[in-house]
Amino acid sequence: MGSTLSRRAVIAALGGAAGVLTLAQVASAQTTPPAQPSPNPADVPEDPTKVQGKPPSPLGSRSPFEGPQRLVGGTTSSRTPLDALDGIITPADLHYERHHGGVPTIDPDRHTLTIHGMVERPTVFSLADLQRFPSVSRIMFLECSGNTSWAEGPETSTAQSLHGLTSTSDWSGVPVKTLLNEVGVKSGATWALAEGSDAAVMTRSVPLDKLLDDALIAWGQNGEALRPEQGYPMRLLLPGWEGNINIKWLRRLELGDQAFMTREETSKYTDPMPDGTERQFTFVMEAKSTITWPTPAIGSLPGRGPLEIRGIAWSGRGKITRVEVSTDGGQSWGEARLEEPVLSIAHTRFRFPWTWTGGQAVLQSRAYDETGYVQPSRAQLVDARGIRSIYHYNGIQSWKIAAEGQVTNVYA
Ligand SMILES: Nc1nc2c(c(=O)[nH]1)N[C@H]1C(S)=C(S)[C@@H](COP(=O)(O)O)O[C@H]1N2
Ligand SMILES: [Mo]
């Protein structure tokens, strides 16, 4: 209700919903309305040049006119407000959350990481020990394998409610291969068990090849310590692989010579195939994209005239090479502009200028990655995988624009 009112206020200020907008007006109208604006009118001067502003503060805060929020779904997850964000970095306090036993409170001075099993020198590392090794930072997306339901969502679904279990951060930490060098991997080792120290004691089997390739143990997120929700004080990061295997609050890596067959890779996170078998270990998240403006989050377009369609694309296999946008439900496609930096295994921002002349439209985006993979249509995906599937949905998303400008989620 609040956002509907403020949107109307924006439209009224621009001189009516049916009016044709100038580019400058479009830019201001595209600022997503605050989720819960709470400025005290007494604090908002008529003319800000006539009163002394606020002094500096030890910790910043958002404008009282802005209120982006995660969408909390039950007790186990919350979703990033993709519709309200621009660029590629997710503010740390808006990173999606998924936890199976709640967010633990961990004293970093008492937390340790034990590496044992098929290694020459079993070792217990403190956080301070890890931070003595040469470290790296990498901007990378994470996506829950359960992001985007295979079942159809309501017309009011947004990029946040459908696709908000993905976020991008700048992660800092130590390459796992550095630590494995330190402890000495015994010949014959092929897998490791990664274990978290939350109430779920989540465990997953990770192929040794991945750990020796680009895996990280991260302690930093967007320049500061990890958020508790993201695994404070340390988590495993496996670039491009399904969210679930990126074990948070990591306390143990045990090397072995076969997969450990934990609950999260047998009863959960497997993919039914049309021939009746189940596929295990679907690690890589395939290329996907979504338009993040306009979406049903804004209700209706601000008016006829020029505007910019914006979105994000990402692939667990590497760089996004191309995004196409359709405004006619996939009959014709135009090339979107990819905003630099275009990083491997990170959200990539795309922009596509469009003039809405009134009338119906169906907006879609289609991502390509550097392996030549093309994001499938919903029909192609359902055909190949079967509608019984739960995880790893990456079909093309459709937002419908009604003749009067209302934006809804449709399955075109
Ligand atoms: N220890 C532990 N690690 C975990 C989980 C968990 O519940 N416990 N959830 C997993 C799942 S299902 C996902 S999608 C990602 C979510 O990471 P995020 O909350 O930082 O976004 O963490 C994974 N790692
Ligand atoms: Mo997940």
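Source: prediction; values computed, not measured.

## Observations concerning unusual backbone geometry
Step number 1: With an omega of 0°, the peptide bond between Trp293 and Pro294 qualifies as cis.
Step number 2: As for its placement among the helices and strands, Pro294 is situated in the loop between strand 16 (288-293) and strand 17 (305-314).
Step number 3: Residue Glu340 is joined to Pro341 through a cis peptide bond whose omega torsion reads 0°.
Step number 4: Among the secondary structure elements, Pro341 is positioned in the loop between strand 20 (337-338) and strand 21 (348-356).
Step number 5: Positive phi, normally seen in glycine, also occurs at Val201, with a value near 40°.
Step number 6: For Val201, the location among the structural elements is in the loop between strand 8 (191-196) and strand 9 (203-207).
Step number 7: A positive phi is found at Met261, a non-glycine position, where the angle reads about 55°.
Step number 8: In this fold, Met261 is placed in the loop between strand 13 (250-256) and strand 14 (271-272).

## Concerning the packing of aromatic side chains
Step number 1: If you walk through the whole model with that rule in mind, you get 7 aromatic pairs.
Step number 2: Between Trp191 and Phe281, the ring centres sit 5.2 Å apart and the planes meet at 45°, which makes this aromatic pair tilted. Placement of the pair is Trp191 in strand 8 and Phe281 in the loop between strand 15 (278-279) and strand 16, with a sequence separation of 90 residues.
Step number 3: Taken together through their ring pairs, the aromatic side chains of Trp191, Trp241, Phe281 and Phe283 make up a single cluster.
Step number 4: The positively charged end of Arg366 is found above the aromatic ring belonging to Trp333, 4.1 Å away from the centroid.

## Points about the site of ligand 1
Step number 1: Looking at ligand 1, there are 21 residues lining it, with Tyr96, His100, Asp198, Arg235 and Lys248 nearest.
Step number 2: Here an oxygen atom of ligand 1 and a side-chain polar atom of His95 are 3.3 Å apart.
Step number 3: Arg235 is positioned with one of its side-chain polar atoms (N or O) 2.8 Å from an oxygen atom of ligand 1.
Step number 4: Coverage of ligand 1 by the protein chains reaches 100% of its 530 Å² of free accessible surface.

## Notes on helix 5 (residues 176-183)
Step number 1: Every buried residue of helix 5 is accounted for by Val176, Leu179, Leu180 and Val183. On an axial view of helix 5, the arc spanned by its buried residues comes to 100°, and they lie on one face.
Step number 2: Phi turns positive one or two residues past the end of helix 5, at Gly184, with a value near 75°.

## With respect to the sheet that holds strand 2 (residues 77-79)
Consider a sheet: its strands pair through backbone hydrogen bonds, and that pairing is either parallel or antiparallel.
Step number 1: The 3 strands are arranged 1-2-3 in an open sheet whose pairing can be described as antiparallel. Each edge of the open sheet carries a strand with a single partner, namely strand 1 (71-73) and strand 3 (97-98).
Step number 2: Here strand 1 pairs with strand 2 via 3 bridges, running antiparallel. The residue bridging Leu71 from the neighbouring strand is Arg79, located in strand 2.

## Description of the sheet that holds strand 9
Step number 1: Ordered by their spatial adjacency, 5 strands build an open sheet running 5-4-13-8-9, and the pairing between neighbours is mixed. In this open sheet, the two strands that pair with only one neighbour each are strand 5 (123-126) and strand 9. Each strand axis lies, on average, 20° off the axis of its neighbour in the sheet, ignoring direction.
Step number 2: Here strand 8 runs beside strand 13; their pairing, made up of 6 bridges, is antiparallel. When the sheet's bridge partners are listed, Leu193 is paired in strand 13 with Glu254.
Step number 3: Each of strand 4 (112-117), strand 5 and strand 13 is contacted by helix 5, which is oriented at about 55° to strand 4, the strand it contacts most.

## So, the environment of Val201
Step number 1: Look at Val201 and you get partly exposed, because its relative accessible area is 33%.
Step number 2: Each C-alpha atom, one on Val201 and one on Leu211, is 20 Å from the other, the two residues being 10 residues apart in sequence.
Step number 3: The contact partners of Val201, leaving out residues within four places of it in the chain, are Glu195, Gly196 and Arg251.

## Focus on the nonpolar core
One recurring pattern in soluble globular proteins is that nonpolar side chains are buried together.
Step number 1: Judged by nonpolar contacts, the single largest core of 41 residues is most densely connected at Leu301, Ile309, Phe350, Trp354 and Ile401.
Step number 2: The greatest single-element share of this core, amounting to 5 residues, is contributed by strand 17.
Step number 3: Here Leu301 is in contact with Trp293, Pro294, Leu307, Trp354, Trp356, Ile401, Gly405 and Val407, once residues within four sequence places are set aside.
Step number 4: Among the nonpolar cores identified, the runner-up in size contains 34 residues, and Val174, Val183, Ala189 and Leu253 belong to it.

## Re the confidence of the model for the protein chain
Detailed conclusions should not be drawn from predicted coordinates in areas where pLDDT is low.
Step number 1: Here the protein chain averages 91 in pLDDT, while 91% of its residues score no lower than 70.
Step number 2: Across residues 1-34, confidence stays below pLDDT 50; counting only partners more than four residues off in sequence or on other chains, it has 45 contacts.

Rules used throughout
Residues numbered from 1 in each chain as written. Chains lettered and ligands numbered in written order. Predicted model: local features only at pLDDT ≥ 70, side-chain atom pairs only at ≥ 80, totals over all residues. Heavy atoms only, no water. Helix = DSSP H or I, 4+ residues; strand = E, 2+ residues; numbered from the N terminus. Phe/Tyr/Trp six-rings, centres within 6.5 Å; stacked < 30°, edge-to-face > 60°. Lys NZ or Arg CZ within 6 Å of the ring centre and 35° of its normal. Near = heavy atom within 4 Å. Polar contact = N/O pair within 3.5 Å; in protein donor to acceptor, adjacent residues only side chain to side chain. Areas by Shrake-Rupley, 256 points an atom, 1.4 Å probe, with all protein chains shown as cover. Buried < 20%, exposed > 50% of the residue type's maximum accessible area, 1.4 Å probe, protein only. Arc of directions from axis to C-beta. Pairing = 2+ DSSP bridges. Axes fitted to C-alpha atoms, helices over the stretch in contact; angles between N-to-C directions. Contact = heavy atoms within 4.5 Å. Core = buried A, V, L, I, M, F, W, Y, C linked by side-chain atoms within 4.5 Å. pLDDT = per-residue confidence, 0-100.

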